[in-house]
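# Examination of the molecular architecture
Take a look at the letters that make up each chain.
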Amino acid sequence: MTPDDPTTPPGRPLDLPNISLAPKVVLHDHLDGGLRPATVLELAREVGYPDLPADDAESLARWFRDAADSGSLERYLETFAHTVAVMQTPSALRRVALECVRDLAADGVVYAEVRYAPEQHLARGMTLDEVVEAVLAGFRDGEAEAEAQGRPILVRCLVTAMRHAARSQEIAELAVRYRDDGVVGFDIAGAEAGNPPTRHLDAFEFMRANNAHFTIHAGEAFGLPSIHEAIAFCGTDRLGHGVRVIDDITLPPGTDLAAESFDGVELGQIANMVRDKRIPLELCPSSNVQTGAVASIAEHPFNVLARLRFRVTVNTDNRLMSDTTMSKEFYRLAQQFGYGWADFERFTVNAMKSAFIHFDERLALIDDVIKPGYAVLVG
Ligand SMILES: O=c1[nH]cnc2c1ncn2[C@@H]1O[C@H](CO)[C@@H](O)[C@H]1O
Ligand SMILES: [Zn+2]
């Protein structure tokens, strides 16, 4: 395409360096899925964890990506044993949290909600409160550093309960206890099949009774019934993935998934509810391919959902396991579906609108950071 070509999107070229300059918002990023490979190695040496599958950073990075590329959520989740094992002391958690903020800020992320499961970090004697405080301290270190470097980022935390376990009520209480210190919500994660959202109904009701936000991993490894429960019974604010909502959308045979508009599409009750209520979808394209939720980026329903005006957001899920960043996720989507800066801006504003911080703070980021940032790139 030449600059005179009317199909050339306006503004700077859509390459990775430019995309990394664009303000980005991530709502779905796991702390224990985003460690630097070199840090995993160093912490393993420090805490005496002998079971890492590789002993140099490059091989370890490759191992995580390949092992996570399993086509099964259960096998994908097995890789977390190694990251969780080295995140069992306050200093390790604080360091990992600080590096997480550094990496997100370096990628142009301006607002992040980072989640992890405090109950998985008690193996060496920390309490749930100590875990939360160590992570929050690391986030504050990172925010102060980024501010000093002229790359401000706001990082908030979601605490996750493991859905196969039985601590969700405690974790929901933890979220509420730390709501004024940077914990903005609650979530459940882990193996979805066999552990439906309603298994943790009490925890969600507790959050609602306390006017507190939550999201639910639903519609990833299990389909519509999980999404239905998350919305109709649990009253979730957002859907973690929610990608299988596509199962409730009928497309005419032979539909091109990269099209700019979709005619003759029929939505079922659940899909309509998700769209009518503007329930945000925390879509994580690369992760969805690795866990087998979708067969490939080309077959990802991201574009269908975006063009049908669902509240789609772009997320990393696990930067280590997927060898990804927000910029890479944007780039992959642009390559596949032909997006330009205006699309990226829309997905970013969608995410900011869906954040769990207060309305005035969201608006300030949209008006003062996101819109001016994209205006520069569009030129
Ligand atoms: O995409 C996902 N689906 C379900 N569970 C996940 C996903 N990514 C990570 N975790 C799980 O969440 C825990 C807390 O961060 C991780 O330890 C992992 O077991
Ligand atoms: Zn996730």
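The preceding data block contains the structure.
We now turn to the structure provided with this report. (Residues numbered from 1 in each chain as written. Chains lettered and ligands numbered in written order. Predicted model: local features only at pLDDT ≥ 70, side-chain atom pairs only at ≥ 80, totals over all residues. Heavy atoms only, no water.)

### Section: the coordination of the zinc ion (ligand 2)
Any two of four tetrahedral donors ideally make an angle of 109.5 degrees at the metal, while pairs among six octahedral donors ideally make 90 or 180 degrees. Within the protein, H28 (NE2), H30 (NE2), H217 (NE2) and D317 (OD) serve as the donor atoms for the zinc ion (ligand 2), at 2.1 to 2.2 Å. Coordination at the zinc ion (ligand 2) comes from 4 donor atoms whose angles at the metal span 83 to 169°, giving a geometry best classed as irregular. (Donors = N, O, S within 2.8 Å, 3.2 Å for Na, K, Ca; no water. Tetrahedral: all angles 85-135°; square planar, octahedral: opposite > 155°, others 65-115°.)

### What to know about the sheet that holds strand β1 (residues 24-30)
Two orientations exist for strands paired in a sheet by backbone hydrogen bonds: parallel and antiparallel. Read across the sheet, 4 strands follow the order β1-β2-β3-β4 without closing on themselves; strand pairing throughout is parallel. Each edge of the open sheet is held by one strand with a lone partner, namely β1 and β4 (183-189). Across the sheet, the axes of successive neighbouring strands diverge by a mean angle of 25°, strand direction being ignored. Across 5 bridges, the pairing between β1 and strand β2 (residues 109-116) is parallel. Its bridge partner being in β2, V26 is matched across the sheet by A112. Against the sheet, helix α7 (residues 128-148) engages β2, β3 (154-162) and β4, with an angle of about 155° to β3. In the packing of helix α8 (residues 168-177) onto the sheet, the strands contacted are β3 and β4, and the crossing angle to β4 comes to about 165°. (Pairing = 2+ DSSP bridges. Helix = DSSP H or I, 4+ residues; strand = E, 2+ residues; numbered from the N terminus. Axes fitted to C-alpha atoms, helices over the stretch in contact; angles between N-to-C directions. Contact = heavy atoms within 4.5 Å.)

### A short note on the layout of surface pockets
Its volume calculated, the largest pocket comes out at about 410 Å³. Taken together, 24 residues make up the lining of the largest pocket; nearest its centre are R179, V183, V184, F356 and H358. Residue contributions to the lining of the largest pocket peak at 4 residues, all from α7. (1 Å grid on protein atoms, 1.4 Å probe; cavity = no way out; pocket = protein on both sides within 12 Å on 5 of 7 lines; lining within 4 Å. Points joined across faces, edges and corners; volume = space filled by probe spheres on them.)

### Notes on the pairing of strand β5 (residues 215-218)
With burial as the criterion, each face of β5 is covered, one bearing T215 and H217 and the other bearing I216 and A218. Pairing of β5 with strand β6 (residues 238-241), which is carried by 4 bridges, proceeds in the parallel orientation. The partner of A218 across the bridge, within β6, is H241. Running through helix α10 (residues 224-233), the crossover from β5 to the neighbouring parallel element β6 is right-handed. (Buried < 20%, exposed > 50% of the residue type's maximum accessible area, 1.4 Å probe, protein only. Right-handed = clockwise from strand over helix to strand, strands pointing away.)

### Structural notes on the environment of V314
By the element assignment, V314 lies in strand β10 (residues 312-314). With 97 residues separating them along the chain, V314 and H217 place their C-alpha atoms 15 Å apart. If we ignore the near neighbours within four places in the chain, the residues touching V314 are V25, L283, F302, M326, E329, F330, L333 and F347.

### So, the site of ligand 1
Within the structure, ligand 1 sits among 16 residues, and H30, D32, Q120, E220 and D317 are positioned closest to it. Here D32 contributes a side-chain N or O atom positioned 2.5 Å from an oxygen atom of ligand 1. N318 is positioned with one of its side-chain polar atoms (N or O) 3.0 Å from a nitrogen atom of ligand 1. For ligand 1, whose accessible area on its own is 410 Å², the fraction buried by protein is 98%. Taken together, the residues of the shell around ligand 1 break down into 7 nonpolar, 6 polar and 3 charged. (Near = heavy atom within 4 Å. Polar contact = N/O pair within 3.5 Å; in protein donor to acceptor, adjacent residues only side chain to side chain. Areas by Shrake-Rupley, 256 points an atom, 1.4 Å probe, with all protein chains shown as cover. Nonpolar A, V, L, I, M, F, W, Y, C, P; charged D, E, K, R; others polar.)

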